[in-house]
Every structure is written in C-alpha cells, then in structure tokens.
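# A closer look at the structure
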Amino acid sequence: MSVEVERKFVCDSQVLEKLKDIGAVCLGQNEFKDQYFDSADFTLTLKDFWLRKREGSWELKRPAASHLNAEKRAQDVCTKYREITEVLQIRAELIAVMGISTERTSDSLQTEQSKDVHAEFEKWLQDLKLECFAEFTTVRCSYALGYEGDDRKVRVDLDQADFGYCVGEIEVLVSEGDEMTSAMQYIEKTAQKLGLSSQKKTQGKMHVYLQRFRPDHYAELLKAHVM
Ligand code: TPP
C-alpha cells in the first residue's frame, strides 16, 4: 500500500527556471476536474477522509497510519496520505469510517465477480446520499527529479486551480512504513534546491476553496484540527 508524502509550497515566478536548473524533467501538462463528496454533517472530512471523483475515477485520500496524530501532524511540514483508487477498497474504507452496517451493504454491491463494479459502486454510493461540496478544475504541470544512486523519483507538480489559486507540491511515493524518513529527506533536499526556505505549511487548493466558498464547512474542519 503506497503512501504519498507531500510538501506544498508557494509558487513564485522563478520556480520554472529553478526546476530547469536542477535538472527536473518536464512530464507534461494535464487538466482535470475534481468533485469532492461528503455527508451533510461532514462525517468524512472531519476525519480527514477525502472522497473525490477525478475525471470519472473515484479516489479516496485518507491519512496514513503515521499521520493520524493531530499534534504530530500539525508540526510536520509534509503530509502523508494513502490514495486509494480501487472501488471495493474505497467501499470498505467508507463502511468503516462512516460506521455503515454491512447488512445493508451486502445486498447492493457484490464481489469482484460483479459485471460492472464501478457502476455498482456508484449505485451503492447514491444510497449514502453524499453531497458534492467542492468542484474545481486544475491545470497541472508535472516534473520528475531523480537522485543519483536511487531509482526513486521525486515529483514536483505545479497546480493552477480555476478559482485563482496556484500551489506547488513536492511528492514522493513510499510503501507504508520505514521509508518515510528517507522520503522526507528527499523532499527536504528538493525544497532546498528550489530555494524554499520556509518551514511553514502552505495551504492546499481545498483549504483555499473551502475558506472562500464553504466558510461553515471550513470552520468545522478548523475546530476539529483537520485544517
Ligand atoms: N494538504 C495539507 C497541506 N494539509 C491538509 N490537511 C491536507 C492536505 C488534507 N487534505 C485536504 S484536502 C485533501 C487533503 C488530503 C484532498 C486533496 O489533496 P491535495 O493533496 O491537496 O490535492 P491533490 O494534489 O491530490 O489534487
């Protein structure tokens, strides 16, 4: 199970040049629309679970085991989330986190044998009556950066959201567990190379979106120390 270790940063006008200088390879640009879902009383996001549909595919971002402690999380400049894309696994996570009785669920979504797991999953989701609380489009430019003696790549994404917010992300994928420290060292090394001195956490797209468009939801998340 892989974990996305990530550090966000403020994108300034020099970042493109710096990426070129340090030998980052441009992987191209893509555009995607995200829709985020939660119950009316924010059951998922108050637990830091982020269910989204990105260009037709379902994804669930949930804190990695090492990222559950709110106090530790607050001190850490990096975030650590598991990104789950397999619908049966997303369903299992939702059942657990929302406390859904499995009696109710067993009759709707079947097993891997189901003809169209994706359609069945969407039908099952509909019964949960989740609401879309955020919707925005992002234009993303991606870069890859390698370090000598290590096959692993650091990825840098420059995101421009359609509501007028830009943010950069330095990211390393690791398997849950012991590689976490070295992932954070790679991220820190990349941050230094890019001349990012601040150890302060940079706000993500969702943070700014909720602050601007969903202040009540945002206030609840602040109160629960999720944001
Ligand atoms: N990033 C920071 C700096 N603080 C957080 N509390 C979160 C992320 C938690 N979080 C808020 S919205 C969201 C997550 C995981 C889902 C979107 O994730 P994000 O990494 O911001 O966007 P992506 O790069 O996946 O588009």
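Here, the structure is the one placed above.
In this text, all values refer to a predicted model and were calculated from it rather than measured experimentally.

## Thoughts on the overall build of the protein
- Counting secondary structure elements, the protein contains eight helices and eight strands.
- For 227 residues, the compact-globule estimate of 2.2 N^0.38 gives 17 Å, and the C-alpha radius of gyration of the protein, at 18 Å, lies within 12% of that figure.
- For the protein, the spread of C-alpha atoms along the principal axes amounts to about 55 × 40 × 35 Å.
- Sorting the 227 residues of the protein into buried and exposed places 47% on the buried side.
- Looking at the protein alone, contacts between residues at least 24 apart form 64% of all its contacts between residues at least 6 apart.
- Carbon and sulfur atoms form 48% of the exposed surface of the protein, whose accessible area is close to 12,100 Å².

## A look at the pairing of strand S1 (residues 2–9)
- Extensive coverage of S1 is indicated by the burial of six of its eight residues.
- Across eight bridges, the pairing between S1 and strand S8 (residues 165–175) is antiparallel. From the neighbouring strand, Lys8 faces S8, where its bridge partner is Glu169.
- Sheet analysis places S1 next to strand S5 (residues 79–84), joined by four bridges and oriented antiparallel. Residue pairing across strands places Glu4 opposite Tyr81, the latter belonging to S5.

## Comments concerning the site of the ligand
- Taken together, 17 residues form the shell around the ligand, and within it Lys8, Arg52, Arg54, Lys61 and Glu169 come nearest.
- A distance of 2.9 Å separates a nitrogen atom of the ligand from a polar side-chain atom of Lys8.
- With respect to the ligand, the backbone of Val226 contributes an N or O atom lying 3.3 Å from a nitrogen atom.
- Protein chains bury 91% of the 560 Å² of accessible surface belonging to the ligand in isolation.
- Every element with two or more residues in the shell around the ligand is listed here: S1, strand S3 (50–54), S5 and helix H7 (205–213).
- With three residues, S3 is the single largest residue contributor to the shell around the ligand.
- In the shell around the ligand, the residues fall into six nonpolar, two polar and nine charged.

## Some points on the sheet that holds strand S4 (residues 57–63)
- The strand order around the closed barrel built from eight strands is S1-S5-S4-S3-S2-S6-S7-S8, with neighbouring strands paired in antiparallel fashion. Across the sheet, the mean angle from the axis of one strand to that of its neighbour is 35°, orientation sign disregarded.
- Across four bridges, S4 lies against S5 in antiparallel orientation. Looking at S5, one finds that Lys61 is bridged to Glu83.
- Contacting S3 and S4, helix H5 (residues 117–128) runs over the sheet at an angle of about 60° to S4.
- Lying over the sheet, helix H6 (residues 180–193) contacts S1, S5, strand S6 (131–147), strand S7 (150–161) and S8, oriented at roughly 25° with respect to S1.

The rules behind each value
Residues numbered from 1 in each chain as written. Predicted model: local features only at pLDDT ≥ 70, side-chain atom pairs only at ≥ 80, totals over all residues. Heavy atoms only, no water. Helix = DSSP H or I, 4+ residues; strand = E, 2+ residues; numbered from the N terminus. Rg over C-alpha atoms; globule rule 2.2 N^0.38 Å. Buried < 20%, exposed > 50% of the residue type's maximum accessible area, 1.4 Å probe, protein only. Contact = heavy atoms within 4.5 Å. Areas by Shrake-Rupley, 256 points an atom, 1.4 Å probe, with all protein chains shown as cover. Pairing = 2+ DSSP bridges. Near = heavy atom within 4 Å. Polar contact = N/O pair within 3.5 Å; in protein donor to acceptor, adjacent residues only side chain to side chain. Nonpolar A, V, L, I, M, F, W, Y, C, P; charged D, E, K, R; others polar. Axes fitted to C-alpha atoms, helices over the stretch in contact; angles between N-to-C directions.

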